Amino acid sequence: MTIDRISKEELLANYDTFLFDADGVLWTGEIPVPGAIEWLNLLLDDKTKKVFVLTNNSTKTLDQYMKKIEKLGFGRLGSDNVISPAIVLAEYLQSNPGKFAKEYVYLIGTENLRATLENDGGVKCFGTGPDSIRDHTDGDFIHHVDMSLTPKAVVCSYDAHFSYPKIMKAANFLQDPNVEYLVTNQDYTFPGPVPGVVIPGSGATSAAVTAVTGREPTVFGKPHKPMADFLLRRAQVDPKRTVMFGDRLDTDIMFGNANGQLSITPRQQNEAEEPPQKQGWISKLLKGQHVDPSSWQKQSHSSLLSNSELMYEFMTHNYRPGEQEAYLDAFGKYKQEMNIKNPSIELVGSWTCSFGRTRDQAIHLWRHNKGYEDVDSSIALHGKDSGIRAADNDVAKLCGRRKNLIVKSFSYWREPEQRPPNHVYDLRSYVLQPGTMIDWASAWAKGIQYRREANQDVGGFFAQVGQLYVVYHIWAYPSMSDRNDTRHATWAKPGWDATVANTVPLIKKMQSKILVPTRFSQLE
């Protein structure tokens, strides 16, 4: 069964086993999909639920895959939660010792796949690595290949060294009907970090061999039966209470449908419908919203940094020493004018600086709830509205320097929410090396998990207009003593040091300011 809208409550009430594709669903490249870590942890906390990551990627050993999973922040998943075609194929070889034990297999694949098949499948592989036509002839055709070693099977998978000699060897070995033809998976392409660039996958190699030999292979990855049978043996799942989350119709969704499971699949959007919100699908699910997976593939790359239509504005005013109260009175009138003229431009945070490089300073965080539409409105109001201009001029007269930046919130941070009294706020600003913003996001998407226990995370932002490659992180603490204790506790957590080590080299300049809320702040 395939659906295109469902809620978290419906999923938890009606399903016990949750199957996830990996790249494109739980993460994209090196960055978790917003909400994915929290969603999997929620399921893993419930002892009545079973969770499996079904990947068609056989280019890594299980140990290597687990290291990647831990690095991305999914460390609570165990090795038993991960199933790949390499694992299923190795079990197949190992369970047929009469034919395969210590026998040779011709492998078109990676060295990591070779390690898996030899260590877990009990076979001896040959054929990996480069095999160029120039190793066989100076001409354009090969008329003879070495057939002295007859394998028990030909295995096809992704191979960056795929070549004409490899096709020829596989084709000649498979003339013997006793040589089995085994394929890890038939994904024709891999997902990649650069939109529009095609990365050929395992299906490209097996298609060539199939075309030449006329033989149909046994395929071990999604959507084929061997992976489903392996899952049944490992977990004894009930298909009617199993849900498959995937982004590929030809593998993930077909796998779910073929095995009687619920599949959540992309759908075409009707032009008359309201366009989907640019919010991570799992984040929406966790917030109790019905999810519409129609935009999964569209949002995967765009959500690397931000998945929200909201825009924010950091407004920094250096008021004249001794004029704080007069300045705040003038700013209050300015805020009132803005609220009247455009209520969707909302003052979220308003602070003065207690400690930092500039002492007589106020910082205000505005939220433009209609995105760039509100930014355009603000520009127009400051240019043409006499009330706004007068109030803004009164503020300016009390300031020596003013600046503002348009920013967006990172997808892996929460949006700033109203807080009760009384907090001190730590505003950390970073100027990054150009070209390193994705690396920063990749490290912090995991690192933020270490900083959420004390409800200290307020918001994380990156510049859109103004000085670029600027990042702001805002943290809240009941007191400076609590700030000190919380930061020490964070350093004691295994893995936090890796976040610091991965981000410090990206920074050109950084500073911290301790802020206290003004009477106008929602963040108190």
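Residues numbered from 1 in each chain as written. Predicted model: local features only at pLDDT ≥ 70, side-chain atom pairs only at ≥ 80, totals over all residues. Heavy atoms only, no water.

1. What about the overall build of the protein?
At step 1: The number of helices and strands found in the protein is 18 helices and 23 strands.
At step 2: In the protein, buried positions account for 52% of the 524 residues.
At step 3: At a minimum sequence separation of 6, the contacts of the protein that also span at least 24 residues come to 77%.
At step 4: As presented, the protein carries roughly 23,900 Å² of accessible surface, and 50% of it is formed by carbon and sulfur atoms. (Helix = DSSP H or I, 4+ residues; strand = E, 2+ residues; numbered from the N terminus. Buried < 20%, exposed > 50% of the residue type's maximum accessible area, 1.4 Å probe, protein only. Contact = heavy atoms within 4.5 Å. Areas by Shrake-Rupley, 256 points an atom, 1.4 Å probe, with all protein chains shown as cover.)

2. Structural notes on the pattern of salt bridges
At step 1: Taken as a whole and assessed by the stated rule, the structure comprises 22 salt bridges.
At step 2: The salt bridge partner of Asp-229 is Lys-225, with a shortest N-O separation of 2.9 Å. One end of the pair, Asp-229, and the other, Lys-225, are both in helix H9 (residues 225-235), four residues apart, so they sit about a helical turn from each other.
At step 3: Among the residues examined, Asp-229 registers a relative accessible area of 25% and is labelled partly exposed.
At step 4: Across the pair Asp-426 and Arg-428 runs a salt bridge whose closest N-O atoms are separated by 3.2 Å. The pair Asp-426 / Arg-428 is uniform in exposure class, with both members buried.
At step 5: Among the ionic contacts, a cluster of salt bridges with common partners joins Glu-38, Arg-414, Glu-417, Arg-452 and Asp-457. (Salt bridge = Lys/Arg side-chain N within 4 Å of Asp/Glu carboxyl O.)

3. Some details on the packing of helix H13 (residues 324-341) against helix H15 (residues 386-396)
Axes are the key here: two packed helices are described by the angle between their axes and the distance separating the axes.
At step 1: Look at H13 against H15: their axes get within 8 Å of each other, and the N-to-C directions meet at 160 degrees. Taken as axis vectors, H13 and H15 run roughly antiparallel relative to one another. Viewed along their axes, H13 and H15 form a crossing whose handedness is left-handed. Between H13 and H15, the contacting residues are Tyr-327, Ala-330, Phe-331, Lys-333, Tyr-334, Glu-337, Met-338 and Lys-341 on the first element and Gly-387, Ile-388, Ala-391, Asp-392, Asp-394 and Val-395 on the second.
At step 2: In the contact of H13 with H15, the residues fall into eight nonpolar, one polar and five charged. (Axes fitted to C-alpha atoms, helices over the stretch in contact; angles between N-to-C directions. Parallel < 35°, antiparallel > 145°, perpendicular 65-115°, else oblique. Left-handed = near helix turned anticlockwise from the far one by under 90°. Nonpolar A, V, L, I, M, F, W, Y, C, P; charged D, E, K, R; others polar.)

4. Some details on a positive patch on the surface
At step 1: A surface patch of positive charge is lined by Arg-357, Arg-401, Lys-403, Lys-508 and Lys-509.
At step 2: Elements with a minimum of two residues in the positive patch: strand E19 (399-409) and strand E23 (507-517).
At step 3: Of note, Arg-357 is situated in the loop between strand E17 (345-355) and strand E18 (362-368). (Patch = residues over 30% accessible without salt bridge, like charges linked within 9 Å, V, L, I, M, F, W, Y side chains within 5 Å. Lys, Arg positive; Asp, Glu negative; His and termini not counted. Charge placed at Lys NZ, Arg CZ, Asp CG, Glu CD.)

5. So, the confidence of the model for the protein
Note that predicted coordinates carrying low pLDDT should not be read in detail.
At step 1: Within the protein, residue pLDDT values average 86, and 89% of them lie at 70 or more.
At step 2: Every residue in residues 266-279 is under pLDDT 50, and counting partners more than four places away or in other chains gives 25 contacts.
At step 3: Considering only residues more than four positions removed or in separate chains, one finds that residues 293-303, a stretch of pLDDT under 50, has 27 contacts. (pLDDT = per-residue confidence, 0-100.)

6. Focus: the side chain of Ser-521
At step 1: Tracing the sequence through the fold places Ser-521 in the segment after E23.
At step 2: The exposure class assigned to Ser-521 is buried, which follows from its relative accessible area of 7%.
At step 3: Only 3.1 Å separates the side chain of Ser-521 from the backbone nitrogen of Ser-350, close enough to count as a polar contact.
At step 4: In this structure the side chain of Ser-521 is engaged in a polar contact, spanning 2.7 Å, whose partner is the backbone oxygen of Leu-523.
At step 5: Every residue in contact with Ser-521, bar those within four places of it in the chain, is listed here: Val-348, Gly-349, Ser-350 and Trp-351. (Polar contact = N/O pair within 3.5 Å; in protein donor to acceptor, adjacent residues only side chain to side chain.)

7. Focus: the pairing of strand E5 (residues 50-54)
At step 1: Counting buried residues in E5 gives four out of five residues, a clear majority hidden from the surface.
At step 2: Where strand E2 (residues 17-20) lies against E5, four bridges are found, and the strand directions are parallel. Bridged to Phe-20 within E5 is Val-53.
At step 3: Crossover handedness for the path E5 to helix H3 (residues 62-71) to strand E6 (residues 82-83): right-handed. (Pairing = 2+ DSSP bridges. Right-handed = clockwise from strand over helix to strand, strands pointing away.)

8. Thoughts on the sheet that holds strand E8 (residues 124-126)
At step 1: Across the sheet, five strands lie side by side as E8-E7-E9-E10-E13; this open sheet has parallel pairing. Edge strands, defined here as strands with exactly one partner in the open sheet, are E8 and strand E13 (218-219).
At step 2: Pairing geometry for strand E7 (residues 104-108) and E8, over three bridges, is parallel. Residue pairing for E8: Val-105 is matched across the bridge by Cys-125.
At step 3: Its contacts with the sheet put helix H8 (residues 202-213) on E7, strand E9 (153-156) and strand E10 (180-183), and the angle it makes with E10 is roughly 155 degrees.

9. Regarding the environment of Phe-314
At step 1: By the secondary structure assignment, Phe-314 is in strand E16 (residues 311-319).
At step 2: Judged by its relative accessible area of 2%, Phe-314 falls in the buried class.
At step 3: Separated by 149 residues in the primary sequence, Phe-314 and Ala-463 place their C-alpha atoms 9.5 Å from one another.
At step 4: Other than its neighbours up to four places away in sequence, Phe-314 contacts Ile-363, His-364, Leu-365, Lys-403, Asn-404, Leu-405, Val-407, Leu-427, Phe-461, Tyr-472 and Ile-474.

10. Brief notes about unusual backbone geometry
At step 1: Here the residue pair Lys-222 and Pro-223 is connected by a cis peptide bond, since its omega of 5 degrees sits within 30 degrees of zero.
At step 2: Along the chain, Pro-223 falls in the loop between E13 and H9.
At step 3: Here the amide bond leading from Pro-421 into Asn-422 is cis, since omega sits at -5 degrees, within 30 degrees of zero.
At step 4: Secondary-structure assignment places Asn-422 in the loop between E19 and strand E20 (424-432).

11. With respect to the side chain of Asp-392
At step 1: Assignment of secondary structure puts Asp-392 in helix H15.
At step 2: Once residues within four sequence positions are removed from consideration, Asp-392 is found in contact with Tyr-334, His-382 and Arg-402.

12. Looking at the nonpolar core
At step 1: Counting 29 residues, the largest nonpolar core has Leu-54, Ile-83 and Leu-117 as the members making the most contacts within it.
At step 2: Counting residues per element, the ones that place at least two in this core are E5, helix H4 (85-94), E7, helix H6 (111-121), E9 and H9.
At step 3: Ranked by residue count, the leading element in this core is H4, at six residues.
At step 4: In terms of domain composition, this core takes at least three residues from each of domain 1 (8-81 + 225-264) and domain 2 (86-131 + 145-219). (Core = buried A, V, L, I, M, F, W, Y, C linked by side-chain atoms within 4.5 Å. Domains from an automatic or database assignment.)

13. Details of the packing of aromatic side chains
At step 1: What the rule picks out here adds up to 28 aromatic pairs.
At step 2: Relative to Phe-173, the ring of Phe-126 has its centre 6.0 Å away and its plane inclined at 85 degrees; by these criteria the two rings are edge-to-face. Of the two residues, Phe-126 is situated in strand E8 and Phe-173 in helix H7 (residues 164-173); the sequence distance between them amounts to 47 residues.
At step 3: The class of Phe-173 is buried, set by a relative accessible area of 4%.
At step 4: Taken together, the ring pairs connect Trp-413, Tyr-430, Trp-440, Trp-444, Tyr-450, Trp-475, Trp-491 and Trp-496 into an aromatic cluster.
At step 5: The lysine or arginine in question, Arg-451, covers the ring of Trp-475, its NZ or CZ lying 3.7 Å from the ring centre. (Phe/Tyr/Trp six-rings, centres within 6.5 Å; stacked < 30°, edge-to-face > 60°. Lys NZ or Arg CZ within 6 Å of the ring centre and 35° of its normal.)

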